[in-house]
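The residues making up each chain are set out below.
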Amino acid sequence: MKKLEEKILKDGKILPGGVLKVGNFLNQQIDTPFMKEMGEEIAEMFKDTGATKILTIEASGIPIAVSAGFAMNLPVVYAKKNKTSNISGDCYSTMVHSFTHGNNNNVIVGKEYISSDDKVLIVDDFLAHGSALVGLIEICEQAGAEVLGCVAAIEKGFQMGGDKLREKGYRVESLAIIEEMTDTEIYFREQ
Ligand code: 5GP
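Just so it is clear, the model here is predicted, and its values are computed rather than measured.

> Please clarify how helix α1 (residues 2-11) should be interpreted in this entry.
Counting along an α-helix, one turn takes 3.6 residues, and residues three or four places apart therefore face a common direction. All of the buried residues along α1 are Leu4, Glu5, Lys7, Ile8 and Asp11. Seen end-on, α1 carries its buried residues on one side only, within an arc spanning 160 degrees. The exposed set on the far side of α1, more than 90 degrees from its buried face, consists of Lys2, Leu9 and Lys10. On its buried side, α1 packs onto β1 (13-15), β2 (19-21), α2 (32-45), β8 (146-156), β9 (172-181) and β10 (186-188).

Here's what the structure looks like:
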């Protein structure tokens with residue numbers, strides 16, 4: 001999505017450790033008209049797939065997932081990060097390593113929210129090493145739901161998570177893919 005690439009170049013801040021901060025339009029502050037456009041772009045990519053639900057992970061995946069949910073007229077479920085590993089039998093759960101915080105989170109979804117009847121589109125803000133998406137795929141597997149595909153707003157291609165999932169046969173789409181990021185420059189993958 002050309003406009004997203006332009007916004008990343010204009011507003012993105014490169015932090016140490018291969019982290020990109022886009023706090024003024026995607027994360028801490030949300031550019032709502034642009035969020036709407038990204039949701040519509042995702043809806044166009046996955047139209048006619050028979051999706052019944054969108055799944056994301058708190059907190060930063062929620063705005064883009066909800067925007068896609070509006071555009072596709074679908075409910076959005078978000079996995080919660082749970083500090084304790086003491087899980088009741090009412091939840092699907094898995095462990096997700098947080099790239100930005102460097103810790104592991106037990107991630108849970110109530111069993112009532114995803115079932116074997118669901119065809120799920122997984123949406124997140126960033127795709128780096130793929131731990132968040134792999135965790136959400138595992139939740140769908142536990143529920144017996146079909147994973148139609150995964151979408152990230154921004155994929156950092158150099159951290160390989162997206163390509164590893166594609167190699168496994170998952171449909172992974174990203175609105176912008178950063179192929180290379182130096183201390184000062186960002187280069188995008190042609191799509
Ligand atoms: P992964 O699990 O693919 O390694 O990382 C994806 C998750 O980490 C996303 O849910 C996102 O919140 C966070 N994340 C990864 N890389 C970045 C980044 O460069 N910037 C921001 N803001 N979040 C990131």
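So that's the structure; there's more coming.
> Teacher, can you tell me more about the pattern of salt bridges here?
Where side chains of opposite charge bring their charged atoms close, a pairing between them can arise. On inspection of all chains with the given rule, the structure shows 13 salt bridges. Residue lysine 2 is joined to glutamate 5 by a salt bridge in which the shortest nitrogen-to-oxygen separation is 3.2 Å. Of the two residues, lysine 2 and glutamate 5 are both situated in helix α1; the distance of 3 residues between them amounts to about one turn of the helix. Its relative accessible area of 57% is what places lysine 2 among the exposed residues. A salt bridge links aspartate 163 to arginine 166; the shortest N-O distance between them is 2.8 Å. Of this pair, aspartate 163 and arginine 166 both sit in helix α5 (residues 161-167), separated by 3 residues, roughly a single helical turn. What you see here is one network of salt bridges that share partners, running through Glu155, Asp163, Arg166, Glu179 and Arg189.

> So what exactly am I meant to see when it comes to the sheet that holds strand β3 (residues 53-57) here?
Adjacent strands of a sheet pair through backbone hydrogen bonds, lying either parallel or antiparallel. Here 8 strands make up an open sheet; going across it, the order is β5-β6-β4-β3-β7-β8-β9-β10 and the pairing mixed. The outermost strands of the open sheet, each flanked by one partner alone, are β5 (91-97) and β10. Sheet twist, expressed as the mean angle between neighbouring strand axes with direction ignored, is 30 degrees. In this structure, β3 lies alongside strand β7 (residues 119-127), joined through 3 bridges in parallel fashion. The residue of β7 that forms the bridge with leucine 55 is isoleucine 122.

Basis of the calculations
Residues numbered from 1 in each chain as written. Predicted model: local features only at pLDDT ≥ 70, side-chain atom pairs only at ≥ 80, totals over all residues. Heavy atoms only, no water. Buried < 20%, exposed > 50% of the residue type's maximum accessible area, 1.4 Å probe, protein only. Helix = DSSP H or I, 4+ residues; strand = E, 2+ residues; numbered from the N terminus. Arc of directions from axis to C-beta. Contact = heavy atoms within 4.5 Å. Salt bridge = Lys/Arg side-chain N within 4 Å of Asp/Glu carboxyl O. Pairing = 2+ DSSP bridges. Axes fitted to C-alpha atoms, helices over the stretch in contact; angles between N-to-C directions.

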